[in-house]
Amino acid sequence: PAAVEAGMQVLDAGGNAADAAIATAFAVAVVEPYASGIGGGGSALLAAPGEEATSYDYREVVARDGRIPASGTGVPGFVAGLAQIHADHGSLDWEELLQPAIRLAGEGFPVSEFLAARMRADYGPASIQGLEHFHGSGGRPLQAGERLIQRDLARTMMILAEQGPEAFYTGSIADRLAEVDGLDTASLEAYAPEQVDPVGGEFG
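Colleague: Just checking my understanding: could you explain the packing of aromatic side chains for this structure?
Modeller: The description of two aromatic rings rests on the distance between their centres and on the angle between their planes. Applying the stated criterion to the full structure yields five aromatic pairs. On the numbers, 5.9 Å between centres and 15° between planes, the contact of Tyr-169 with Tyr-191 is stacked. Placement of Tyr-169 in helix H8 (residues 166-169) and of Tyr-191 in the loop between helix H10 (185-190) and strand E5 (194-196) is noted, with a sequence separation of 22 residues between them.

Printed below as a string of structure tokens:
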């Protein structure tokens, strides 16, 4: 619901569907970190009345050296893909679209049942090990209804808002990302989303 509200705020401010989708995607990266995030990728279909549909592919890719680390880390495409959609179809300023996500990360939000369950199952406990803000009293993972505040994520998104998406691939954020096994500055700089014709066919 918080991510939907982010998109509604953008529409109310005069943004179009692309603007709302971008704001919602960044908000989902905050409130459902196991489902989406700026360290991942995605794809999108855009269809407007009277126009041919188009598709964007901004999934993660293997680094230029072709090596896949044990973690499976690839070059993230999330930020670049949404930036390309904004450049091609957006109407509001990029910085404005990130504000709802920044507020959710910095001020926090009540943990959903879904997120609480993910933090306790499968690789959830290992993924939040050492991250105090994902834990409550006694060191247990936050429970549904407790507030999750992600100040580091808020600061990162503020950099993206103020310095633009290029900060992720060639700027200050890229310098930190290049320290991650499976990433390097050349691979980050070379990343580019693809715009392709969507799969189509007769129906009915």
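Colleague: What am I meant to see in the sheet that holds strand E1 (residues 42-46) here?
Modeller: Adjacent strands of a sheet form backbone hydrogen bonds with each other and so pair up, either parallel or antiparallel. In spatial order, the strands read E1-E2-E5; together these three strands make up an open sheet with antiparallel pairing. Two strands lie at the open edges of the sheet, namely E1 and E5, each paired on one side alone. Between one strand axis and the next, the sheet turns by 20° as a mean value, whatever way the strands run. Pairing between E1 and strand E2 (residues 54-58): five bridges, direction antiparallel.

Colleague: Help me out: how do you make sense of a negative patch on the surface in this one?
Modeller: A contiguous patch of negative charge on the surface is contributed by Asp-93, Glu-95, Glu-96 and Glu-162. Within the element layout of this structure, Glu-96 appears in helix H4 (residues 94-107). Assessed through its relative accessible area of 35%, Glu-96 is described here as partly exposed.

Colleague: Help me out: how do you make sense of helix H2 (residues 17-31) in this one?
Modeller: For an α-helix, 3.6 residues make a turn, and residues three or four places apart therefore share a direction. Taking 1.5 Å as the rise per residue, H2 with 15 residues should run 21 Å; its terminal C-alpha atoms sit 21 Å apart, in good agreement. The element H2 is extensively covered by neighbouring structure, given that eleven of its 15 residues are classed as buried. Taken as a whole, H2 has its buried residues at Ala-18, Asp-19, Ala-20, Ile-22, Ala-23, Ala-25, Phe-26, Ala-27, Ala-29, Val-30 and Val-31. Along its buried surface, H2 packs onto helix H1 (2-12), helix H3 (78-89), H4, strand E3 (109-110), helix H5 (113-118) and helix H7 (151-163).

Colleague: What's the story with the pattern of salt bridges in this structure? I'm lost.
Modeller: Oppositely charged side chains are able to pair whenever their charged atoms sit close together. One pass over the structure, following the stated rule, counts five salt bridges. The closest approach of N and O atoms between Arg-67 and Asp-181, which form a salt bridge, is 2.6 Å. On the criterion of sequence distance, the pair formed by Arg-67 in the loop between E2 and H3 and Asp-181 in the loop between helix H9 (172-177) and H10 is long-range, its members being 114 residues apart. We classify Arg-67 as partly exposed; its relative accessible area is 41%. Between Glu-179 and Arg-176 there is a salt bridge whose closest N-O contact spans 3.9 Å. Each member of the pair Glu-179 and Arg-176 is classed as exposed.

Colleague: How should I be thinking about H1 in this particular structure?
Modeller: Taken residue by residue, H1 has Ala-3, Ala-6, Gly-7 and Val-10 as its buried positions. End-on, the buried residues of H1 take up no more than an arc of 95°, which puts them together on one face. Away from its buried face by more than 90 degrees, H1 exposes Val-4 and Asp-12. Turning to H1, the residues buried within the fold contact H2 and H4.

Colleague: Before we go on, may I ask you to explain the pairing of E2 in this structure?
Modeller: For a regular strand, side chains alternate in direction, first toward one face of the sheet and then toward the other. Among the five residues of E2, four are classified as buried, and the element is accordingly described as predominantly covered. Bridging between E2 and E5 involves three bridges; their strand directions are antiparallel. Residue pairing across strands places Asp-57 opposite Glu-194, the latter belonging to E5.

Cut-offs used in this document
Residues numbered from 1 in each chain as written. Predicted model: local features only at pLDDT ≥ 70, side-chain atom pairs only at ≥ 80, totals over all residues. Heavy atoms only, no water. Phe/Tyr/Trp six-rings, centres within 6.5 Å; stacked < 30°, edge-to-face > 60°. Helix = DSSP H or I, 4+ residues; strand = E, 2+ residues; numbered from the N terminus. Pairing = 2+ DSSP bridges. Axes fitted to C-alpha atoms, helices over the stretch in contact; angles between N-to-C directions. Patch = residues over 30% accessible without salt bridge, like charges linked within 9 Å, V, L, I, M, F, W, Y side chains within 5 Å. Areas by Shrake-Rupley, 256 points an atom, 1.4 Å probe, with all protein chains shown as cover. Salt bridge = Lys/Arg side-chain N within 4 Å of Asp/Glu carboxyl O. Lys, Arg positive; Asp, Glu negative; His and termini not counted. Charge placed at Lys NZ, Arg CZ, Asp CG, Glu CD. Buried < 20%, exposed > 50% of the residue type's maximum accessible area, 1.4 Å probe, protein only. Expected span 1.5 Å × (residues − 1). Contact = heavy atoms within 4.5 Å. Arc of directions from axis to C-beta.

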